[in-house]
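Residues per chain, in single letters:
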Amino acid sequence: MVRKTCFCCVPEVFSLLPEVSRFCPFKKQRDFLNSLLLTPVFNPVKQFTQQFYIKHIMVGQRVRTRFAPSPTGYLHVGGLRTALYNFLFAKKMKGDFIIRIEDTDQSRKVADAQLNLIRTLEWAGIVADESPEHGGNFGPYVQSERLHIYREYCDRLLEEKNAYYCFSTSEELEENRQLQMKQGLQPKYNRKWLPEEMGGSMPSGEVRRKMEEGAPYVIRMKVPDYVSVWFEDMIRGPIEFDSSTIDDQVLMKSDGFPTYHFASVIDDHLMKFTHIIRGEEWLPSMPKHLLLYEFFGWEPPKFAHLPLLLNPDRSKLSKRQGDVAVEDYIRKGYSCDAIVNFVAMLGWNEGEGTEQEVYSLEELIEKFSIERVGKAGAVFNVEKLNWLEKQYIKNRPAEQIIRTIRPLLVAELEKQRAEMPFDIITSDRYLEQVIELMRERVGFEHEFVTFSSYFFFEPGTYEEEAVKKRWTPETNGLLREFLSTLEVLEPFSAEAIEGALREFVAPKGLKAAALIHPLRILVSGVSFGPSLYHMLEVVGRDAVLRRIAKGIERISVPV
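Presented here is a report on the structure given in the accompanying data block. (Residues numbered from 1 in each chain as written. Predicted model: local features only at pLDDT ≥ 70, side-chain atom pairs only at ≥ 80, totals over all residues. Heavy atoms only, no water.)

This paragraph deals with the overall build of the protein. What the protein contains, in helices and strands, is 24 helices and 11 strands. A buried classification covers 49% of the 559 residues belonging to the protein. In the protein, 74% of the contacts between residues at least 6 apart in sequence involve partners at least 24 apart. In the structure as shown, the protein presents an accessible area of about 27,400 Å², 53% of it carried by carbon and sulfur atoms. (Helix = DSSP H or I, 4+ residues; strand = E, 2+ residues; numbered from the N terminus. Buried < 20%, exposed > 50% of the residue type's maximum accessible area, 1.4 Å probe, protein only. Contact = heavy atoms within 4.5 Å. Areas by Shrake-Rupley, 256 points an atom, 1.4 Å probe, with all protein chains shown as cover.)

Below is the structure:
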């Protein structure tokens, strides 16, 4: 029994009492603890008690977080955010981040999905300290390899009358569900097979008879009546559930595999996770999980439920309105830097007054905090992702971009012939020049090759509308005459080319545009691009002369 004099003598313990009360899952326990709070001094500020809880209760306890995907295919962007937040929190707290594969639903398992999930996370810089690939002291990290563990704990619940056998068929369950819906009730199991000794109506002899017959069954958790299940969410604050709304959850399926809820609670405890950070879609499952912690006498970890990801129309993010797989964005050419930065901002921000929008992974680890994650749904705005990608391209070192684009260029050179020497256009020096000219104009790194193909390949066509707009009967003659100037121009630099062009048109009473636009079209095939003079310098004299001469022949009739 706690004596009030003890609290007076030990202010820190005194101030912790409201915090202890907040972490009790059952209402009766909380009411008892709250009854001890007789004076205003027993109600210290929330921030102090949270700091005390973390500082003193968790002292010596290494933070452990996890991402536990099902191997059902691609990695959803929501899954990437969950993994990222768990990773950032663990690393911020100098703790461990673990990947566990939850494959209890064997019907949905996809071959190679497990490896793909881990590889995609590693591509994003999210490398696990423990996983099926990396090993660890708490394995196996695949639930289908832990079936004997779940069976052991299920037997314990059966022995302690916290679970029971259920032989209801799927037809019976559906019939009961339809009946309850017609009556305006929330569908839940009608406890037909709850034994008499557990407060039900089914004779124990009937249960034994079904077992002896070998009838298929599931094992259900017995939810206590007339209790209130409560917990403190790190993002949403206190949340409470009445047991009358909680179904007798299936723990073990007829195929011998545990349900997600059962296996997840057992593994989270045995793997010593201190914090569970997951999407808000798991909030309705919280009372089932907390009841299991109570049945086993385990201390539950701290929970944080992340806000939903939304489409621009604020509907739940779905494939119907766009790509939702991380792999889709990788194929489109988005970099891991931009994707991770973008996903981190879907629900989290550094704080008011902060103007920074571009973060490295190291900066995210340093600045991330659960307290700055909001409750409201986060809108998935692709325009913001595109903007971030451009910011990274603008600031990324040229040598890093070259490592990405050179293999792409070599692959293209195997498909089509280039007039320019291979060793020249694949060299670091040439590629650096292309990168510096095109940084502000490309949206993805691969566009240094695709969008800027005229730096490597001669144009096969010319922009039709641009030719109609820019060509006059005199244009080809001017180009032939200026071609002679370029043949002997020294040096063949942007400044020299600009000076020569202006000197060429001035005596003729023409504006520079009379040659600028036709030259751009003949050399690149399009009417837009970087500075013409710098583009000509990079492409080089031989290629420029060749392209102009060829273009004059192809556009031989004035438009």
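Its location among the elements puts Glu389 in helix H15 (residues 382-395). Buried Glu389, no salt bridge; nearest opposite-charge side chain is Arg396, N-O distance 4.1 Å. For Glu389, the residues in contact, after removing those within four places along its chain, are Gly333, Tyr334, Ser335, Ala338, Arg396, Gly443 and Phe444. (Lys, Arg positive; Asp, Glu negative; His and termini not counted. Salt bridge = Lys/Arg side-chain N within 4 Å of Asp/Glu carboxyl O.)

Our focus in this paragraph is the nonpolar core. By size, the foremost hydrophobic cluster in this structure holds 59 residues, and its most contacted members are Tyr430, Phe455, Phe456, Leu486, Leu501, Leu515 and Ile548. Of all the secondary structure elements, the ones that give two or more residues to this core are helix H16 (398-415), helix H18 (428-438), helix H19 (464-470), helix H20 (475-488), helix H21 (494-505), helix H22 (513-524), helix H23 (532-539) and helix H24 (541-554). Among the elements that take part in this core, H21 stands out by supplying seven residues, more than any other. Here this core spans two domains, and each of domain 2 (396-455) and domain 3 (464-554) adds at least three residues to it. Not counting residues up to four positions away in its chain, the partners in contact with Leu515 are Leu478, Leu479, Phe482, Leu501, Phe504 and Val505. Counting 52 residues, the second-largest nonpolar core is a separate cluster that includes Leu84, Trp348, Tyr359 and Leu361. (Core = buried A, V, L, I, M, F, W, Y, C linked by side-chain atoms within 4.5 Å. Domains from an automatic or database assignment.)

Strand order in the open sheet made by the three strands is S3-S4-S7, with antiparallel pairing throughout. Strands with a single pairing partner mark the edges of an open sheet, and in this sheet they are strand S3 (163-166) and strand S7 (250-252). Averaged over all pairs of adjacent strands, the angle between their axes in this sheet comes to 45 degrees, without regard to strand direction. With four bridges connecting them, S3 and strand S4 (residues 218-221) associate as antiparallel partners. By the bridge assignment, Ala163 is partnered in S4 with Met221. Here helix H7 (residues 147-159) sits on the sheet in contact with S3, S4 and S7, set at roughly 100 degrees to S3. (Pairing = 2+ DSSP bridges. Axes fitted to C-alpha atoms, helices over the stretch in contact; angles between N-to-C directions.)

For the structure shown, the criterion picks out 21 aromatic pairs. When the centroid spacing of 6.1 Å and the interplanar angle of 65 degrees are considered together, the rings of Tyr430 and Phe456 count as edge-to-face. With Tyr430 in helix H18 and Phe456 in the loop between H18 and H19, this pair connects stretches of sequence that are 26 residues apart. Overall, Phe456 belongs to the buried group, its relative accessible area being 1%. Above the plane of the ring of Tyr329 lies Lys332, whose end atom (NZ or CZ) is 5.6 Å from the centre. Between Lys384 and the ring centre of Trp387, over which it is positioned, the NZ or CZ distance is 4.6 Å. (Phe/Tyr/Trp six-rings, centres within 6.5 Å; stacked < 30°, edge-to-face > 60°. Lys NZ or Arg CZ within 6 Å of the ring centre and 35° of its normal.)

You can see Asp323 is positioned in the loop between strand S10 (309-310) and helix H12 (326-332). Considered as a pair, Asp323 and Val77 are 246 residues apart in the sequence and their alpha carbons are 9.0 Å apart. Those residues in contact with Asp323 that lie beyond four places of it in its chain are Asp328, Tyr329 and Lys332.

Bringing the pairing of strand S2 (residues 96-99) into the picture now. The alternating pattern of S2 places Asp96 and Ile98 and Phe97 and Ile99 on opposite faces, both of which are buried. Examined bridge by bridge, strand S1 (residues 64-67) and S2 share four bridges and lie parallel to one another. Across the sheet, residue Thr65 finds its bridge partner in S2, namely Phe97. Between S1 and its parallel partner S2, the chain crosses via helix H5 (residues 77-92), and the hand of that crossover is right-handed. (Right-handed = clockwise from strand over helix to strand, strands pointing away.)

On to the packing of H21 against H23. Here H21 crosses H23 at 120 degrees, and the two axes come no closer than 8 Å. Between H21 and H23, the angle is such that the two are oblique. Taken as a pair, H21 and H23 cross one another with a handedness that is right-handed. Between H21 and H23, the residues in contact are Ala494, Ile497, Glu498, Leu501 and Arg502 and Tyr533, His534, Leu536 and Glu537, respectively. The residue makeup of the contact of H21 with H23, split by class, is five nonpolar, one polar and three charged. (Parallel < 35°, antiparallel > 145°, perpendicular 65-115°, else oblique. Left-handed = near helix turned anticlockwise from the far one by under 90°. Nonpolar A, V, L, I, M, F, W, Y, C, P; charged D, E, K, R; others polar.)

Here we take up empty space enclosed by the protein. For the structure shown, the criterion picks out two cavities of 30 Å³ or more. In this structure, the second largest cavity spans a volume of roughly 40 Å³. Lining the second largest cavity are Val77, Val326, Tyr329, Ile339, Phe342, Val343, Phe380 and Leu385. Mapped by element, the contributors of at least two residues to the lining of the second largest cavity are H12 and helix H13 (336-344). The greatest single-element share of the lining of the second largest cavity, amounting to three residues, is contributed by H13. In the lining of the second largest cavity, the residues fall into eight nonpolar, no polar and no charged. (1 Å grid on protein atoms, 1.4 Å probe; cavity = no way out; pocket = protein on both sides within 12 Å on 5 of 7 lines; lining within 4 Å. Points joined across faces, edges and corners; volume = space filled by probe spheres on them.)

Of the pockets and cavities examined, the largest pocket occupies roughly 1,100 Å³. Surrounding the largest pocket, 32 residues form its lining, Pro69, Ser70, His76, Glu281 and Trp282 being those nearest its centre. At four residues, H5 tops the list of elements feeding residues into the lining of the largest pocket. The residue inventory of the lining of the largest pocket, partitioned by class, reads 13 nonpolar, 10 polar and nine charged.

Angle between the axes and distance between the axes are the two parameters that describe a pair of packed helices. One can describe the packing of H20 onto H22 by two numbers: an axis separation of 11 Å at closest approach and a directional angle of 80 degrees. What the angle tells us is that H20 and H22 run roughly perpendicular. Each of Thr475, Leu478, Leu479 and Phe482 in H20 lies in contact with H22, whose residues at this interface are Leu515, Pro518, Leu519 and Leu522. Grouping the amino acids of the contact of H20 with H22 by side-chain chemistry returns seven nonpolar, one polar and no charged.

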